[in-house]
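# Structural overview for review
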Amino acid sequence: MEACIRIESLAFGGSGVGRLGGKVVFVAGAVPGDEVRIRPVREKKHFMEAEILEVLVPSPDRRVPPCPVFGQCGGCQWQSLPYARQVFWKERIFADFLLRQVGVESQVMGSLLAAPNEWAYRSRVQFKCYQSPAGFFMGFYRRGSHFVIDVDHCPIAAAAINQALGLFRDWLPQSPCPEAIPQVDLAVDDEGQVAAIVHCLAADPRPLAAYLAPRVGEQGLALYVQTGRKHTLTQVQGPGRLCIHPLDASPLRLGYPVGGFAQVNLAQNRRLVAELLQAVGSPTGLRVLDLFCGMGNFSLPLAAAGAAVVGVEDFAPAIVQAEDNSLANGLTARFLCRPARQALTQDLLRERFDLVVLDPPRSGAREVIPELLRMRPERIVYISCDPATLARDLKPLVHNGYQVRGARGIDLFPQTYHLESLTCLHAC
C-alpha cells in the first residue's frame, strides 16, 4: 500500500517521523519538511516502518549529501541534513527522553555541545573487504546486508585513516591471500600514530604478514594480524599501544592497546572530560568511584585534579592499561577488575563515596542502580551513549531521592543519530 505523508520530526535511530491513519510512521532517509511517497515494509499495532519511493517535495532543510555512497553505506544517517539542523534535532531528541520519560525539569537541560568539525573526526574505522572476480573491494557493508560497497575515501574518517585506506587498497589485491581478508581496522591516535589490524582467515597468516611488513614499515604504521577473535591478535611491528590526550593544555597522556577502546572523536572526548570536571567542581579530597572505567579516560583526569579514585572495569586488559597509565602519569588511583555489580556487592560493600561516575555500554547500568540507591553517594554523574537506557536508569534514581541538576547532550558523532550525554544527579 503506497501513501504520501509529510515528515514532521526525527527519531532516535535516524528515521524521519510522520503519521498515516493515526499511526506513527518511521521513514529511513527522510528529513523533516519532506513530502514523500512511501511503501510500508513493517507494520505493528501502533507504528509502521516505511521506505521512500519518491521525495515529492524536498524539505527546505535538505542538502545534497557530500558522500557519494550515502544511503547505501550503513554508517551515516543524516548527511542530507545541514549540521546546524542535526544539532537542533539531537538536542530536541535528548531533551524529549528526559522531559517526557523521566520528568526532568526543562531549566536543567543544557544546550547540545556541538562538534567543531562535522567531517574528518573518526579516529577508528573498520573497513570490510571482499575479493571477487571483478576485483578487490574495500569499504563498508551496504545497509542491512553483507554486500561490500567499495570506497576510496570516507568523509567522516580522519585524514590519516583515509591516507592509510589508500595504501591498503593498493597493497591488498597483490597480497598472498586477498580472498582471506574480510576486514581491516584502521586507527589513529592523538599523536598521529596509525595502527592497522588486518583480519586474515588463511590457514597460515605468516606470508601475508611478511608481505605487508616492509610496506607498512616504510610508512611508519603499526601492523597487527588477527586470525579470529580478539585473543588471536598478533603484533607484527610498530608500537604496542596508541595514546590519547584527555585534556587540552595538560601533560596527561593515556595509552590504550591497539584494538582496544577509546572514543572515536578525540577532540570531542577532551570536551567531554572537561564537562565532567566542570560538573564535579573542585574534586580535591573527593572519594570518587568510576564504574565502567576502561583505561582511565575519566578516572585519571579526576585523580590528576585531586580526587581519590577507585576505577572498576571487567575487561582485564583495560584495567592493566589503566594501572600503567596511572603509574606513567605519576598518579595514585586504585583499579579493580570486576563486573560493576560484583564490585559494589563484594569488594566495595563497606566503602563510601562522595561521587559515582557511570560510563556504561549502550545497554546501560540497570544492574548497579539498586546498589547505588543502597550506597547513596551525594552525587552521581551518568555518561551515556543511549538516551533510551539512560532514561530507564534515571527513573528509579529520581523516584528514590535523587534530583537531576543538569543534563547535556554532547555530539561525538556528526552525520549520525548517535549522541553522548552527561547527566548530573544530587541526593535530595
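To be clear, the structure that these remarks concern was listed above.
For the structure given in this document, a descriptive report is provided here. (Residues numbered from 1 in each chain as written. Predicted model: local features only at pLDDT ≥ 70, side-chain atom pairs only at ≥ 80, totals over all residues. Heavy atoms only, no water.)

### What about the packing of helix 2 (residues 159-171) against helix 3 (residues 206-219)?
The angle between the axes and the distance between the axes are what describe a pair of packed helices. Helix 3 packs onto helix 2 with a crossing angle of 150 degrees between their chain directions and a minimal axis gap of 12 Å. As judged from the angle between their axes, helix 2 and helix 3 are roughly antiparallel. Pair helix 2 / helix 3 crosses with right-handed handedness. Contact residues: helix 2 offers Leu167, Phe168 and Trp171, while helix 3 offers Tyr211, Leu212, Arg215, Val216 and Gln219. Class assignment of the residues belonging to the contact of helix 2 with helix 3 gives a composition of six nonpolar, one polar and one charged. (Axes fitted to C-alpha atoms, helices over the stretch in contact; angles between N-to-C directions. Helix = DSSP H or I, 4+ residues; strand = E, 2+ residues; numbered from the N terminus. Parallel < 35°, antiparallel > 145°, perpendicular 65-115°, else oblique. Left-handed = near helix turned anticlockwise from the far one by under 90°. Contact = heavy atoms within 4.5 Å. Nonpolar A, V, L, I, M, F, W, Y, C, P; charged D, E, K, R; others polar.)

### Some remarks on the sheet that holds strand 11 (residues 194-199)
Spatially, 9-8-7-10-11-12-13 is the arrangement adopted by the seven strands of the open sheet, whose pairing is mixed. Each end of this open sheet is capped by a strand with a single partner; those strands are strand 9 (148-150) and strand 13 (234-237). Strand-to-strand twist of the sheet, defined as the mean angle between neighbouring strand axes without regard to direction, takes the value 35 degrees. Pairing of strand 11 with strand 12 (residues 222-226) involves five bridges; the strand directions are parallel. (Pairing = 2+ DSSP bridges.)

### Examining the pairing of strand 22 (residues 420-427)
Of all eight residues in strand 22, six are buried, a share of seventy percent or more. Strand direction decides the pairing type here: strand 20 (residues 379-384) and strand 22, joined by six bridges, are antiparallel. Paired with Arg379 across the bridge in strand 22 is His426. (Buried < 20%, exposed > 50% of the residue type's maximum accessible area, 1.4 Å probe, protein only.)

### Concerning the packing of aromatic side chains
The full count for this structure, using the stated rule, is six aromatic pairs. On the basis of an interplanar angle of 85 degrees and a centroid distance of 5.1 Å, the ring pair of Phe88 and Trp89 is categorised as edge-to-face. Each residue in the set Phe12, Phe97 and Tyr417 is aromatic and connected to the rest through ring pairs, giving one cluster. Looking at Arg85, its charged tip hangs above the ring of Phe88, at a distance of 4.4 Å from the centre. Between the NZ or CZ atom of Arg287 and the centre of the ring of Phe353, over which it lies, the distance is 4.8 Å. (Phe/Tyr/Trp six-rings, centres within 6.5 Å; stacked < 30°, edge-to-face > 60°. Lys NZ or Arg CZ within 6 Å of the ring centre and 35° of its normal.)

### Quick notes on the pairing of strand 12
Taken across its five residues, strand 12 has five buried, putting it largely inside the fold. The side-chain alternation of strand 12 yields two buried faces, one formed by Ala222, Tyr224 and Gln226 and the other by Leu223 and Val225. Since strand 11 and strand 12 lie parallel, the crossover through helix 3 that links them has a hand, and here it is right-handed. With three bridges connecting them, strand 12 and strand 13 associate as antiparallel partners. Within strand 13, the residue paired with Val225 across the bridge is Thr234. (Right-handed = clockwise from strand over helix to strand, strands pointing away.)

### Digging into the layout of surface pockets
Of the volumes computed, that of the second largest pocket is approximately 490 Å³. Those elements giving two or more residues to the lining of the second largest pocket turn out to be strand 4 (23-27) and strand 6 (47-57). Tallying contributions element by element places strand 6 first for the lining of the second largest pocket, with three residues. Split into classes, the residues belonging to the lining of the second largest pocket amount to 11 nonpolar, seven polar and three charged. (1 Å grid on protein atoms, 1.4 Å probe; cavity = no way out; pocket = protein on both sides within 12 Å on 5 of 7 lines; lining within 4 Å. Points joined across faces, edges and corners; volume = space filled by probe spheres on them.)

### Looking at helix 2
Counted at 1.5 Å a residue, the expected span for helix 2 with its 13 residues is 18 Å, and the 19 Å between its end C-alpha atoms agrees. Along its buried surface, helix 2 packs onto strand 7 (124-132), strand 8 (135-141), strand 10 (183-188), strand 11 and helix 3. (Expected span 1.5 Å × (residues − 1).)

### Digging into helix 7 (residues 340-347)
Within helix 7, the full set of buried residues consists of Ala340, Ala343 and Leu344. All buried residues of helix 7 project into a common sector of 95 degrees when viewed along the axis, lining one side. Tucked inside the fold, the buried residues of helix 7 contact strand 16 (287-291), strand 17 (308-313) and helix 8 (369-375). (Arc of directions from axis to C-beta.)

### Some words on the sheet that holds strand 21 (residues 402-410)
The strand order 18-17-16-19-20-22-21 describes an open sheet built from seven strands, whose pairing is mixed. On the outer flanks of this sheet lie strand 18 (334-337) and strand 21, each paired with one strand and no other. Strand-to-strand twist of the sheet, defined as the mean angle between neighbouring strand axes without regard to direction, takes the value 15 degrees. Of the strands in this sheet, strand 21 and strand 22 touch helix 1 (residues 83-102), which is tilted by about 165 degrees from strand 21. Helix 7 rests against strand 16, strand 17 and strand 18 of the sheet, and its axis sits at about 140 degrees to strand 16.

### A word on the packing of helix 1 against helix 9 (residues 387-398)
Put simply, helix 1 and helix 9 touch, their axes get as near as 10 Å, and they point 35 degrees apart. Once helix 1 is placed against helix 9, the crossing between them reads as right-handed. Residues Phe94, Phe97, Leu98, Gln101 and Val102 of helix 1 pack against Pro387, Ala388, Leu390, Ala391, Leu394, Lys395 and Val398 of helix 9. For the contact of helix 1 with helix 9, a count of residues per class yields 10 nonpolar, one polar and one charged.

### Some points on the nonpolar core
Core analysis: the largest hydrophobic core is formed by 67 residues, its most contacted members being Phe127, Met138, Phe168, Leu186, Leu212 and Leu302. In terms of residues, this core owes the most to one element, helix 2, which gives six residues. Once residues within four sequence positions are removed from consideration, Phe127 is found in contact with Met138, Gly139, Phe140, Val151, Ile161, Leu165, Pro182, Gln183, Val184 and Leu186. Residues Leu10, Leu348, Leu394 and Leu419 belong to the second largest nonpolar core, which totals 48 residues. (Core = buried A, V, L, I, M, F, W, Y, C linked by side-chain atoms within 4.5 Å.)

### Quick word on the pattern of salt bridges
According to the stated counting rule, one finds 21 salt bridges in the structure shown. One salt bridge connects Lys90 with Asp411, and the closest N-O pair in it is separated by 2.7 Å. Placement of the pair is Lys90 in helix 1 and Asp411 in the loop between strand 21 and strand 22, with a sequence separation of 321 residues. For the residue pair Lys90 and Asp411, the accessibility class agrees, reading buried in each case. The shortest N-O distance in the salt bridge between Asp248 and Arg270 comes to 3.1 Å. With Asp248 in the loop between strand 14 (241-244) and strand 15 (254-257) and Arg270 in helix 4 (residues 266-280), this residue pair connects regions lying 22 residues apart in the sequence. A relative accessible area of 57% places Asp248 in the exposed class. Under the relative-accessibility criterion, Arg270 is labelled buried at 16%. In the salt-bridge network here, residues are joined through shared partners; they are Glu2, Arg37 and Glu54. (Salt bridge = Lys/Arg side-chain N within 4 Å of Asp/Glu carboxyl O.)

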